[in-house]
2 protein chains.
Amino acid sequence: MIAEPLLYERVAAHVAGLIERGALRPGDRVPSVRRLSQQQGVSVATVVQAYLHLEDHGLIEARPQSGHYVRRRGVTPLPEPRAPRTSATASKVSVAGLVAKVYGASRDPHIVPFGAAYPSPDLLPTDRLNATLARIARTSGAVGVSYDPPPGCLALRRQAARRAVEWGCALTPDDLVTTVGASEALCLCLRAVAQAGDTVAIESPAYFGVLQLIESLKIRALEIPSIPGKGIDLDALEEALASHKIKACVVSPTVSNPLGCVMTDEAKERLVEMLARRDVPLIEDDVYGDLYFGTARPRPAKAFDERGLVMLCSSFSKTLAPGYRVGWAAPGRFRDQVEALKFAQSVATPTLPQLAIADFIENGGYEHHLRGLRRKLAAQAQQVSAAIAEHFPAGTRVSRPAGGFVLWVELPPGTSALALHDKALAQAISVAPGPIFSAKTRFSNCIRMSCGYPWSDLLEHAVRTLGRIAREVADRPGPELD
Amino acid sequence: MIAEPLLYERVAAHVAGLIERGALRPGDRVPSVRRLSQQQGVSVATVVQAYLHLEDHGLIEARPQSGHYVRRRGVTPLPEPRAPRTSATASKVSVAGLVAKVYGASRDPHIVPFGAAYPSPDLLPTDRLNATLARIARTSGAVGVSYDPPPGCLALRRQAARRAVEWGCALTPDDLVTTVGASEALCLCLRAVAQAGDTVAIESPAYFGVLQLIESLKIRALEIPSIPGKGIDLDALEEALASHKIKACVVSPTVSNPLGCVMTDEAKERLVEMLARRDVPLIEDDVYGDLYFGTARPRPAKAFDERGLVMLCSSFSKTLAPGYRVGWAAPGRFRDQVEALKFAQSVATPTLPQLAIADFIENGGYEHHLRGLRRKLAAQAQQVSAAIAEHFPAGTRVSRPAGGFVLWVELPPGTSALALHDKALAQAISVAPGPIFSAKTRFSNCIRMSCGYPWSDLLEHAVRTLGRIAREVADRPGPELD
């Protein structure tokens, strides 16, 4: 005997029928709860239950403060971007001017933030973390105003080391030096092992902050292709190591930026061994490591380090508070050099933000927060990706990140990312143009889009606008690089 | 008609008599208020008034939590240290190892802190500043956790620029870049104008932090003598500029470290012009500038800068909160380079400490605090200096600082400052040994003593111990420099 459908199921079936018949199309807003309750003569509670049912079945999605929308389904996923070719030569780097332009836009709150990569403060435990800092500041007395000289705040080093042990790294608090974000950690590690005129190997495309750092230190960059879905091309790196004098290698093995690759354990082990055979330090940028989309925390390359050659760098800027500027390095055998450089470069890391983050990790439910954050970021990346598939010109390719919150978008050949960037900015939309991700200003038809903000009508509209601009600039010459 | 002395005057005269007759000697503790009130059969209030009277007349001094002591009077002031000779050649720098040793000691709260130069948190508005930070953190929301990218916090740049205008510098907030303390400001300015292998001119003796920074950047240092009471020897600098290719000059024209010199306006103007004629940037370390002992804020050399060649660096680490790590640079024509380097080196300065300090300067009575702090630091320096005169061996010389809170002590020739440092540390007393103030590890018989803590029995005892150790190590060979 077949049971009568419940009232909410009848309402849900009605809406599902509208979607199936095309009366409501993907991306359309479905009637508000109040309106549908009036139309159907049922209670508001029944409509809410019906919409939850439709959400569970993937037919509609809720957007905060905005209502419910028909989910895009069956959009054919776009192919992934192509891997670049290997560079034959190391290059001087000159991206700072362009980066300043991109970041200038990120300061304006009226600009749609697809450019700079930080999570929306709404996704972070902003008020609780600030309250933790406030409590510690009020009661800290002399501790709060005093130097906490390198290696820096013991409470923070304890928490960071404890977590790293869980990922398979044999680290103690004494192995760590705290820093002003991961960026200072990368700077200190690079300064410890390379100097002006030296060559370091990097991924291509690479995070532009690393390129800027390399540029500022007058180091040369040798770009090794990153293969979408896999990470740095180890065969290409092996060849480069044989043919170039490489002083260090800077890689993000767990969630790269911009490609979002997570290397397998086997690949990480091969990377570490390959470099160890030639005594080349690996500077491991793990700043997105906690934002994997898989089921378990991937091990850092540092977990395979037997010779102290891996310099692990991370921070809490992508998961808790960019503005607190709290990071750390585990520089292996270069620990003492990094500590001395830290002292010379900025004496100490600010005391109170370190104490607040250590306290939050210990008592504030950091792991629970991370679980929610990963889920939300994965959903946001999917939503942006689906909208790109719908609105961008044919021939567009997009990365399938295994973590983090950025997408790497390859536009049809001949589409100038710089022209698109300029036109988008004129429409109050920021993106990061491809050329800032390369020492050789490659990737002229690529952009990176950050998905750090919850999906909304504003973002939907901005993606549509970007798609229109991409068509406009296709096959027209872009502006000169400055 | 002569009035009868009041009761408190009679008590005061009694104690003054004891001092005159030598029954109470300089440094001795006078009877407690309670004991004297019982002895003399007068009220506690009368004794308190008597002691205030004796304090006003310079016969006794109060020490917090300790009671009243007979002031040292009539100790013949020691002569000032001698100026070193000019270096003929630029040198590689290698002081980091020794500095680490000195700073390692500064972390132990049980060690008498004559080593590292920071003011006692008791002299700073510690609780009020922490409360300001707590208030701002609680109410900041997204602002507190977000990046404040270079040039950094506008509220802070406004306050710093406004104050600099009062000292005669034509600066606007747009001229400034905020940094992680003055140390990062110096690092960024130096990186903007010099690179590995270049030569920069510095004062001798020089602040070891500048030497470490130069060492870390593999720059060569040319030491120009600083003349006690005057500052850098401008004739020697002029000769050096003629005979060496100097890429920059790092000087503290207003309260140098360790000598405590304040250059005259005329000397500052000559310094700026001399360098401008040869297009050599001046990196001006003004971190002690607010701690002058004179009647008015000395003008920075930046006030005489007509060509944008002076890069003014300062912070709030010596006057408000070392651990907040808030500083700034006004890099003149090199502003954009410094901003780009700042971004590459540490992305941003932590947001909340900047906001807290800006708020405190605007609303917290910063200038009032500075007036009291200067008075206390001047008194502390005098007390340590007097104790040195009393306890150190004949032939000792000591600087007469015009600001700040450090003394430069020249021990009799042949006395090893490193031996003294090691033996003092074994007695739980830290000092900064002379060789860390020179690229050529000169000043083997000098030490720097910080006077950042209120005078106390503990400090008195420590100075006496240092005097004894100085006698012990006199004419014995010191340890090798490592």
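Only a predicted model underlies this, so the values are computations on that prediction, with no experimental measurement involved.

## A look at the sheet that holds strand β8 (residues 246-251) of chain B
Residues and elements named next belong to chain B. Taking strand neighbours across the sheet as the criterion, the eight strands line up as β4-β11-β10-β9-β8-β5-β6-β7 in an open arrangement whose pairing is mixed. Here the strands that pair on one side only, and so sit at the sheet edges, are β4 (177-179) and β7 (231-232). Bridge count for β4 against strand β11 (residues 327-330) is three bridges, and the pairing is antiparallel. Pairing of T178 across the sheet is with W328, part of β11. Here helix α10 (residues 234-243) sits on the sheet in contact with β5 (199-204), β6 (220-227), β7 and β8, set at roughly 155° to β6.

## A few points about helix α14 (residues 366-391) of chain A
Residues and elements named next belong to chain A. Taking 1.5 Å of rise per residue, the 26 residues of α14 would be expected to cover 38 Å, and the 37 Å separating its terminal C-alpha atoms lies within 8% of that figure. Where α14 is concerned, the buried positions are L373, L377, A378, Q380, A381, Q383, V384, S385, A386, A387, I388 and H391. Packing partners of the buried residues in α14 comprise β12 (397-398), β13 (406-410), β16 (446-450) and α16 (457-473).

## Quick look at the nonpolar core
One finds C189 and A329 of chain A together with C189 and A329 of chain B to be the most contacted residues of the largest nonpolar core, which totals 303 residues. If we skip the residues at most four places from it in the chain, C189 of chain B touches I283, M311, C313, A329, P331, F334 and V338 of chain B.

## Some details on the sheet that holds strand β12 (residues 397-398) of chain B
All names here are of chain B. The four strands lie next to each other as β12-β13-β16-β15, forming an open sheet whose pairing is antiparallel. Looking at strand neighbours, the two that pair on one side only are β12 and β15 (432-433), the edges of this open sheet. Relative to strand β16 (residues 446-450), strand β13 (residues 406-410) runs antiparallel, the two sharing five bridges. Looking at β16, one finds that V406 is bridged to S450.

## Structural notes on the pairing of strand β2 (residues 67-70) of chain B
All names here are of chain B. Judged from the four bridges that link them, strand β1 (residues 60-63) and β2 form a sheet pairing that is antiparallel. Bridge pairing in β2 places E61 opposite Y69. Remark: three residues form the turn of the hairpin made by β1 and β2, two consecutive strands paired antiparallel; Q65 in that turn has positive phi of roughly 55°.

## Describing the domain arrangement of chain A
Under the domain assignment used here, chain A contains domain 1 (7-70) and domain 2 (127-365). Centre-to-centre separation of domain 1 of chain A and domain 2 of chain A, based on C-alpha positions: 46 Å.

## A look at unusual backbone geometry
Residues and elements named next belong to chain B. Residues P150 and P151 are joined by a peptide bond in cis, for which omega reads 10°. With respect to the element layout, P151 can be found in the loop between α6 (142-145) and α7 (154-166). Cis rather than trans, the peptide bond between S204 and P205 has omega equal to 0°. Tracing the backbone shows P205 in the loop between β5 and α9 (208-216). The phi dihedral of D279 is positive, around 60°, even though this residue is not glycine.

## Observations regarding the interface of chain B and chain A
Opposite the 53 residues of chain B that make contact, chain A presents 53 residues. Listed by contribution, the elements that provide at least two residues to the side of chain B that touches chain A are α4 (96-106), α5 (126-140), α6, α8 (181-193), α9, α12 (335-346) and α13 (351-363) of chain B. The element best represented in the side of chain B that touches chain A is α5 of chain B, accounting for 10 residues. For the side of chain B that touches chain A, the per-class residue count stands at 31 nonpolar, 15 polar and seven charged.

## A few points about the relation of the copies chain B and chain A
Superposing chain B onto chain A takes a rotation of 180° combined with a translation of 0.2 Å along the rotation axis, leaving an RMSD of 0.3 Å. What the superposition gives is, in effect, a two-fold axis relating one chain to the other. Among all C-alpha atoms of chain B, that of A134 of chain B lies closest to the rotation axis, at 2.0 Å.

## Some thoughts on helix α8 (residues 181-193) of chain A
For α8 of chain A, with 13 residues, the first-to-last C-alpha span of 19 Å sits near the 18 Å given by 1.5 Å per residue. For α8 of chain A, the tally of buried residues reaches 13 of 13 residues, placing the bulk of the element in the interior.

## A few points about the packing of helix α5 (residues 126-140) of chain A against α5 of chain B
The interhelical angle for the contact between α5 of chain A and α5 of chain B, taken along N-to-C directions, is 170°, at an axis separation of 8 Å. The orientation of α5 of chain A with respect to α5 of chain B, classified from their angle, is roughly antiparallel. Contact with α5 of chain A, carried on its side by N130, A131, L133, A134, A137, R138 and S140 of chain A, involves N130, A131, L133, A134, A137, R138 and S140 of chain B of α5 of chain B and no other residues of that element. Residues that form the contact of α5 of chain A with α5 of chain B fall into these classes: eight nonpolar, four polar and two charged.

## Describing the packing of helix α9 (residues 208-216) of chain A against α12 of chain B
Look at α9 of chain A against α12 of chain B: their axes get within 8 Å of each other, and the N-to-C directions meet at 120°. With respect to their mutual orientation, α9 of chain A and α12 of chain B come out oblique. You can see that α9 of chain A and α12 of chain B cross each other, and the crossing is left-handed. Residues Q212, L213 and S216 of chain A of α9 of chain A pack against L341, F343, A344 and Q345 of chain B of α12 of chain B.

Rules behind the numbers
- Residues numbered from 1 in each chain as written.
- Chains lettered and ligands numbered in written order.
- Predicted model: local features only at pLDDT ≥ 70, side-chain atom pairs only at ≥ 80, totals over all residues.
- Pairing = 2+ DSSP bridges.
- Helix = DSSP H or I, 4+ residues; strand = E, 2+ residues; numbered from the N terminus.
- Contact = placed C-beta atoms within 7 Å.
- Axes fitted to C-alpha atoms, helices over the stretch in contact; angles between N-to-C directions.
- Expected span 1.5 Å × (residues − 1).
- Buried ≥ 20, exposed ≤ 12 C-beta atoms within 10 Å, placed from the backbone.
- Core = buried A, V, L, I, M, F, W, Y, C linked by C-beta atoms within 7 Å.
- Domains from an automatic or database assignment.
- Nonpolar A, V, L, I, M, F, W, Y, C, P; charged D, E, K, R; others polar.
- Least-squares fit on C-alpha atoms with pLDDT ≥ 70 in both.
- Parallel < 35°, antiparallel > 145°, perpendicular 65-115°, else oblique.
- Left-handed = near helix turned anticlockwise from the far one by under 90°.

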